[in-house]
Amino acid sequence: MGAQSVRSCAAPDHLSYVADLGADVVVDFTQADVFDGVPDDSIDVVFDNYGANGTAQIAMNALRTGGWYVFLAGGTGPGICEEPACTPKDGVNQLSLWTDSSGHDDLDAIAAIADSQGLTVNVDSSYALEDSADAMARQMSGQTEGKVTIEVIA
């Protein structure tokens, strides 16, 4: 990845899966916080794909000046660090990743980046459109290792 170290968190059943994806340190989030033991001003990038309340503020402490807090919309928390709930750190960049549902330009741009970097997606399971309820049940089971997809054939 080009990083000196990659730190992530996962549920107990998925620790080895996340390590196999390339994380150097994988924290069981049922036992500890991913930021436990991380010194202030020591991280270049935080990619928050969950958004728990308080995560942005903790990340601000850990991030170096010039670092990035990237939030993938869809979690339970407020997203990027904004007053009054969170005090942004001077010199830390923030980005909230939303896609515009009115078109496909955002997704095409993300796909182009992924293709150019040779990124792949691990697909846990695929479902036909008429089986969307089963796909949602699988996603909500907490047992997936990768993405659950729905195939739409035009």
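What you see is a predicted model; the values in this text were computed from it and never measured.

Quick notes on the rules
- Note on numbering: residues in each chain are counted from 1, in written sequence order.
- Restriction of local features to residues with pLDDT of at least 70 applies here, the model being predicted, together with a cutoff of 80 or more for giving and counting side-chain atom pairs; totals for whole chains, interfaces and linings are based on all residues.
- Here the side-chain values reflect all heavy atoms present in the structure, with hydrogen atoms and water set aside.
- Only DSSP runs of H or I with at least four residues qualify as helices, and only runs of E with at least two residues qualify as strands; both kinds are numbered from the N terminus onward.
- In this description, contact between two residues means that some pair of their heavy atoms is separated by no more than 4.5 Å.
- Just to be clear on terms, a salt bridge is a Lys or Arg side-chain nitrogen sitting within 4 Å of an Asp or Glu carboxyl oxygen.
- Buried residues are those whose accessible area, probed at 1.4 Å on protein chains only, stays under 20% of the maximum for their type, while exposed residues exceed 50% and partly exposed ones sit between those limits.

Quick notes on the side chain of Ser125
The residue Ser125 is located in strand β6 (residues 123-128) in this model. In contact with Ser125, other than residues within four places in its own chain, are Arg138, Lys147, Val148 and Thr149.

Considering the pattern of salt bridges
Per the counting criterion, the structure on display carries 3 salt bridges. The closest approach of N and O atoms between Arg64 and Asp44, which form a salt bridge, is 3.2 Å. Within this pair, whereas Arg64 is found in strand β4 (residues 63-72), its partner Asp44 is found in strand β3 (residues 43-48), the two being separated by 20 residues in sequence. Its relative accessible area of 34% is what places Arg64 among the partly exposed residues. Here Asp44 falls in the partly exposed class, since its relative accessible area comes to 45%. Here Asp124 makes a salt bridge to Arg138, at a shortest N to O gap of 2.9 Å. Of this pair, Asp124 sits in strand β6 while Arg138 sits in helix α4 (residues 132-140), placing them 14 residues apart in sequence. Residue classification places Arg138 among the partly exposed residues on the basis of a relative accessible area of 25%.

What about unusual backbone geometry?
If a residue is not glycine, its phi is most likely negative; likewise, a peptide bond is most likely trans. That bond from Glu83 to Pro84 is cis: its omega, 0°, falls within 30 degrees of zero. Mapped onto the secondary structure, Pro84 falls in the loop between β4 and β5 (93-97). In this structure, Asp41 takes a positive phi of about 60° despite not being glycine. For Asp41, the position within the fold is in the loop between β2 (25-28) and β3.

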